[in-house]
Amino acid sequence: MSDEDEIILDELNDEELTLQMHDDLYDGMKDEIEEGVHILLKRGWEPYRVLTEALVAGMTIVGHDFRDGILFVPEVLLAANAMKGGMFILKPLLVASGAPRMGKMVIGTVKGDIHDIGKNLVGMMMEGAGFEVVDLGINNSVDEYLDALKKEDADILGMSALLTTTMPYMKVVIDTMAEKGIRDDFIILVGGAPLNEEFGKAIGADAYCRDAAVAVETAKDFMLRKHNQLAAG
Ligand code: B1M
């Protein structure tokens, strides 16, 4: 492309810019994604709107083409890297809501699984809603989850899985907690693209969360019930 053809992001209207950001995410263009995020924020967009309409919607397109064999792992890694660049700018804005402390959550992606974008998003949104979040990262074994729950004196365990081959590991974690007699000491929330409500119930989780916003609402709801139970008891 010649200099004359170069797209000036700031000259695009909101709709054009959002579509351009979907393209830039698809092409793994981190600098452009970061610039686009700054422009939308400067135009008065709420951070959550930038996240969902510009970044998550763009990643959904990447996901479809990955599924259909049009994109491959290296391209998707670049897209993920660009997405993380945008999320890094949004994180302090999503977190700085000054919400009162709601409870503590340990969250991590399960063993064998390295997908972390959705899990990171959930962590950010939970922090924004006033939860303290301890992020264990990816590829977590039962012991890693259990050690962290104990060490952190957490209220909630959040597990993420993006692969049909790794999601059964969530049951291994919950069964181990049941064997050790600590299952009911924690609220267990699970999420990730291949899961559904039925799966959440079948493995004995307290709830399946479709997305980060649902995770926040569900966590708040369970914490309220926990406080009410404590007050009643
Ligand atoms: Co992967 N991958 N990937 N991948 N990847 C998927 C998941 C896949 C669906 C793509 C496809 O074929 N359409 C497919 C899984 C198929 C299946 O199992 N049914 C797949 C595959 C096959 C693979 C590999 C096996 C590919 C290979 O090597 N041949 C490999 C596996 C590696 C491993 O983990 N062992 C692999 C690798 C990768 C990359 C490394 C290239 C990269 C990950 C980079 C990273 O995360 N740092 C990657 C990506 C980016 C994807 C897609 C394209 C996008 C995932 C994503 O970030 N979505 C994905 C396609 C898709 O999901 N449609 C795909 C955006 C994110 C915001 O959404 O993660 O769903 P999501 O999170 C949401 C909700 O699910 C929920 O809230 C989030 C925010 O709203 N949520 C929770 C998630 N976790 C939660 C936890 C909670 C609550 C809610 O706890 C309380």
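Scroll up to find the structure.
Reference entry: report on the structure contained in this document.

Cut-off values and rules
- Residues numbered from 1 in each chain as written.
- Predicted model: local features only at pLDDT ≥ 70, side-chain atom pairs only at ≥ 80, totals over all residues.
- Heavy atoms only, no water.
- Patch = residues over 30% accessible without salt bridge, like charges linked within 9 Å, V, L, I, M, F, W, Y side chains within 5 Å.
- Areas by Shrake-Rupley, 256 points an atom, 1.4 Å probe, with all protein chains shown as cover.
- Salt bridge = Lys/Arg side-chain N within 4 Å of Asp/Glu carboxyl O.
- Helix = DSSP H or I, 4+ residues; strand = E, 2+ residues; numbered from the N terminus.
- Buried < 20%, exposed > 50% of the residue type's maximum accessible area, 1.4 Å probe, protein only.
- Contact = heavy atoms within 4.5 Å.
- Near = heavy atom within 4 Å.
- Polar contact = N/O pair within 3.5 Å; in protein donor to acceptor, adjacent residues only side chain to side chain.
- Pairing = 2+ DSSP bridges.
- Axes fitted to C-alpha atoms, helices over the stretch in contact; angles between N-to-C directions.
- Right-handed = clockwise from strand over helix to strand, strands pointing away.
- Parallel < 35°, antiparallel > 145°, perpendicular 65-115°, else oblique.
- Left-handed = near helix turned anticlockwise from the far one by under 90°.
- Nonpolar A, V, L, I, M, F, W, Y, C, P; charged D, E, K, R; others polar.

Some points on a nonpolar patch on the surface
A surface patch of nonpolar side chains, about 280 Å² in accessible area, is lined by Phe66, Val73 and Leu77. Here Leu77 lies in helix 4 (residues 73-95). Residue classification places Leu77 among the exposed positions, given a relative accessible area of 56%.

Side note on the environment of Leu189
Looking at the element boundaries, Leu189 is found in strand 4 (residues 187-191). Sequence-wise, Leu189 and Gly28 are 161 residues apart; in three dimensions their C-alpha atoms are separated by 31 Å. Apart from residues lying up to four places away in sequence, Leu189 is in contact with Met105, Ile156, Leu157, Gly158, Met159, Ala207, Cys209, Ala215, Thr218, Ala219 and Phe222.

Things to note about the site of the ligand
Neighbouring the ligand are 33 residues, the closest being Arg67, Ile114, His115, Asp116 and Ser160. Within the backbone of Arg67, a nitrogen or oxygen atom sits 3.5 Å from a nitrogen atom of the ligand. Here an oxygen atom of the ligand sits 2.8 Å away from a polar atom, N or O, in the main chain of Ile114. Among the secondary structure elements, those contributing two or more residues to the shell around the ligand are helix 3 (47-67), helix 4, helix 5 (117-128), strand 3 (156-160) and strand 4. With five residues, helix 4 is the single largest residue contributor to the shell around the ligand.

Description of the sheet that holds strand 1 (residues 103-109)
An order of 2-1-3-4-5 is seen for the five strands of this open sheet, with the pairing classed as parallel. Looking at which strands have only one partner, the edges of the open sheet turn out to be strand 2 (131-135) and strand 5 (207-209). If you compare each strand with its neighbour and ignore which way they point, the axes differ by 25 degrees on average. Note: strand 4 against strand 5, three bridges, orientation parallel. When the bridges of strand 5 are listed, Val190 appears paired with Tyr208. Each of strand 1, strand 2, strand 3, strand 4 and strand 5 touches helix 9 (residues 212-232); the most contacted strand, strand 4, lies at about 170 degrees to it.

A short note on the pattern of salt bridges
Here the structure, examined in full by the defined rule, presents 17 salt bridges. The shortest N-O distance in the salt bridge between Arg43 and Asp14 comes to 2.7 Å. Linking Arg43 in the loop between helix 2 (30-42) and helix 3 with Asp14 in helix 1 (residues 14-26), this pair joins segments that are 29 residues apart in sequence. Judged by its relative accessible area of 31%, Arg43 falls in the partly exposed class. Of the residues examined, Asp14 reaches a relative accessible area of 28% and is grouped as partly exposed. Residue Lys104 pairs with Glu152 through a salt bridge whose shortest N-O separation is 3.0 Å. Within this pair, whereas Lys104 is found in strand 1, its partner Glu152 is found in helix 6 (residues 142-152), the two being separated by 48 residues in sequence. Accessibility assignment for this pair places Lys104 and Glu152 in one class, buried. Three or more residues are tied together by salt bridges with common partners; here these are Asp10, Asp14, Lys42 and Arg43.

Here's the deal with the pairing of strand 1
In summary, the side chains of a regular strand alternate between the two faces of the sheet. For strand 1, the buried fraction is high: seven of the seven residues fall into the buried class. Side-chain alternation along strand 1 places Gly103, Met105, Ile107 and Thr109 on one buried face and Lys104, Val106 and Gly108 on a second face that is also buried. Across five bridges, the pairing between strand 1 and strand 2 is parallel. Its bridge partner being in strand 2, Gly103 is matched across the sheet by Phe131. With helix 5 bridging strand 1 and the parallel strand 2, this β-α-β connection has right-handed handedness. One ladder, built from five bridges, connects strand 1 with strand 3; its direction is parallel. Bridged to Met105 within strand 3 is Ile156.

Overview of the side chain of Asn140
Of note, Asn140 is situated in the loop between strand 2 and helix 6. Discounting residues that sit within four places of it in the chain, Asn140 has contacts with Gly108, Thr109, Val110, Lys111, Tyr145 and Tyr169.

A short note on the packing of helix 1 against helix 3
Axis angle and axis distance: for two packed helices, these are the angle between their axes and the distance between the axes, and together they describe the pair. At a minimum axis distance of 8 Å, the contact between helix 1 and helix 3 shows a crossing angle of 45 degrees. With respect to helix 3, the axis of helix 1 lies oblique. Two packed elements cross with a definite hand, and for helix 1 against helix 3 that hand is right-handed. Contacts between helix 1 and helix 3 involve Thr18, Met21, His22, Leu25 and Tyr26 on the former and, on the latter, Glu53, Ala54, Leu55, Ala57, Gly58, Met59, Ile61, Val62 and Asp65. A per-class count over the contact of helix 1 with helix 3 returns nine nonpolar, three polar and two charged.

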